Amino acid sequence: MKLSSFLFYVGFFIFNVGCQSRQQVEFDRGIKSQSRGDFSDALLDFEKVMKREPSNSISLRAARESLKILLYEVKNYEKAIDLLKFLILYSKDPEERWRSQNQIAQIYFDHLAWYDKALVEYSKLLSGDLPKEEKLRVRLAIARSYYYLGQFSQSWSETNHFLTEQDLSEDFLFDVYLLQANIQQALKKFTDAAKSFERMMAQFPEKSKKENIGINLALCFEELGAYKDALKTLEEMKSYYQPKDYIDLRIKKIKDRLLNQPKKRLKK
């Protein structure tokens, strides 16, 4: 080996060792800041680590620690998405890359309410080889995204696909029926929505109580002018709904509407 080549490799080795040692120092400093609750300083140190050599293991560890801070401490969800994209790009673990992609979609949906972006990110998940249950969960999230975007016909079309599936869990089927009923309610198809809510309360009584489906049903009855049915529904909810004051207030308002209804004149 020529002397120049030898010196090049020696210099390259020393440079890399130096970079790795600096990364370790900055990472350790970030961990100490994190443990003290100095999250801004910790994020700065972890960022330095990630910039030096993004693809090595210590950079990935720094990204994971930064992600914890951004999600659970400072709740900066947009920066958290950047970290998740970093993990998708550099992690060699397919499971971690999938989890990161899934988390991006959930952040857009649950925390930022950017349903158009959630739709894009959930759709990316479907390109992978997912187990049936996971694929159904992602498809339901896509249907919900369409719903919140006001694209009700597309959302309805998505939910109808689920009803052709076999062996759906009760919880999943409940969620599908609820989304369909919400679509009907949003389209002001109150008769259809009321029937859907009644079916849910009959088929899933405990789950319906927990999710207060009776409130939705009562609202549909009010829109239809079926005040007595609305009152009956609300009265049945008084034994379990919290806060009870809300139910009493709804009942009072409906009774007032009944009293103020124009009287029908008798034909002479």
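Model, not experiment: these values are computed from the prediction. (Residues numbered from 1 in each chain as written. Predicted model: local features only at pLDDT ≥ 70, side-chain atom pairs only at ≥ 80, totals over all residues. Heavy atoms only, no water.)

**Quick notes on the packing of helix H6 (residues 115-125) against helix H7 (residues 132-148)**
Line of reasoning, step 1. Two numbers describe how H6 lies on H7: the axes approach to 9 Å, and their chain directions differ by 160°. Considered as vectors, H6 and H7 are oriented roughly antiparallel to each other. Helix-helix and strand crossings are classified by hand; for H6 and H7 the assignment is left-handed. Residues Tyr 115, Ala 118, Leu 119, Tyr 122, Ser 123 and Leu 125 of H6 lie in contact with H7, whose contacting residues are Val 138, Ala 141, Ile 142, Ser 145, Tyr 146 and Tyr 148.
Line of reasoning, step 2. When its residues are assigned to classes, the contact of H6 with H7 shows ten nonpolar, two polar and no charged. (Axes fitted to C-alpha atoms, helices over the stretch in contact; angles between N-to-C directions. Helix = DSSP H or I, 4+ residues; strand = E, 2+ residues; numbered from the N terminus. Parallel < 35°, antiparallel > 145°, perpendicular 65-115°, else oblique. Left-handed = near helix turned anticlockwise from the far one by under 90°. Contact = heavy atoms within 4.5 Å. Nonpolar A, V, L, I, M, F, W, Y, C, P; charged D, E, K, R; others polar.)

**Here's the deal with the pattern of salt bridges**
Line of reasoning, step 1. Counted by the stated rule, this structure contains 17 salt bridges.
Line of reasoning, step 2. Linking Lys 132 and Glu 165 is a salt bridge whose minimum nitrogen-to-oxygen distance equals 3.6 Å. Highlighted residues: Lys 132 in helix H7 and Glu 165 in the loop between helix H8 (152-162) and helix H9 (170-186), separated in sequence by 33 residues.
Line of reasoning, step 3. For Lys 132, a relative accessible area of 47% gives the class partly exposed.
Line of reasoning, step 4. You can call Glu 165 partly exposed: its relative accessible area is 33%.
Line of reasoning, step 5. Of the charged contacts, one joins Asp 175 and Arg 144 as a salt bridge, the two residues approaching to 3.7 Å between their closest N and O atoms. Of this pair, Asp 175 sits in helix H9 while Arg 144 sits in helix H7; the two residues are 31 residues apart in sequence, bridging distant segments of the chain.
Line of reasoning, step 6. If you follow the salt bridges from partner to partner, you end up with Glu 222, Arg 250 and Arg 257 in one network. (Salt bridge = Lys/Arg side-chain N within 4 Å of Asp/Glu carboxyl O. Buried < 20%, exposed > 50% of the residue type's maximum accessible area, 1.4 Å probe, protein only.)

**Considering the packing of aromatic side chains**
Line of reasoning, step 1. Inspection of every chain in the model, using the stated rule, returns twelve aromatic pairs.
Line of reasoning, step 2. Through successive ring pairs, a cluster of aromatic residues spans Phe 109, Tyr 115, Tyr 147, Tyr 148 and Phe 152. (Phe/Tyr/Trp six-rings, centres within 6.5 Å; stacked < 30°, edge-to-face > 60°.)

**What about the packing of H9 against helix H10 (residues 190-203)?**
Line of reasoning, step 1. Where H9 meets H10, the closest approach of the two axes is 8 Å, and the angle between their N-to-C directions is 160°. Classified by the angle their axes make, H9 and H10 are roughly antiparallel. Crossing geometry of H9 relative to H10 is assigned as left-handed. Every residue of H10 that contacts H9 at Leu 173, Phe 174, Tyr 177, Leu 178, Gln 180, Ala 181, Asn 182, Gln 184 and Gln 185 is listed here: Phe 190, Asp 192, Ala 193, Ser 196, Phe 197, Arg 199, Met 200 and Gln 203.

**Looking at the environment of Ile 81**
Line of reasoning, step 1. With respect to the element layout, Ile 81 can be found in helix H4 (residues 77-90).
Line of reasoning, step 2. Taking the relative accessible area as the measure of exposure, Ile 81 reaches 4% and is therefore buried.

**Description of H9**
Line of reasoning, step 1. For H9, which comprises 17 residues, the first-to-last C-alpha distance of 24 Å matches the rise-based estimate of 24 Å (1.5 Å per residue) to within 8%.
Line of reasoning, step 2. Of all the 17 residues making up H9, 13 are buried; the element is thus mostly covered by neighbouring parts of the structure.
Line of reasoning, step 3. Phi turns positive, to about 65°, at Lys 188, one or two residues after H9. (Expected span 1.5 Å × (residues − 1).)

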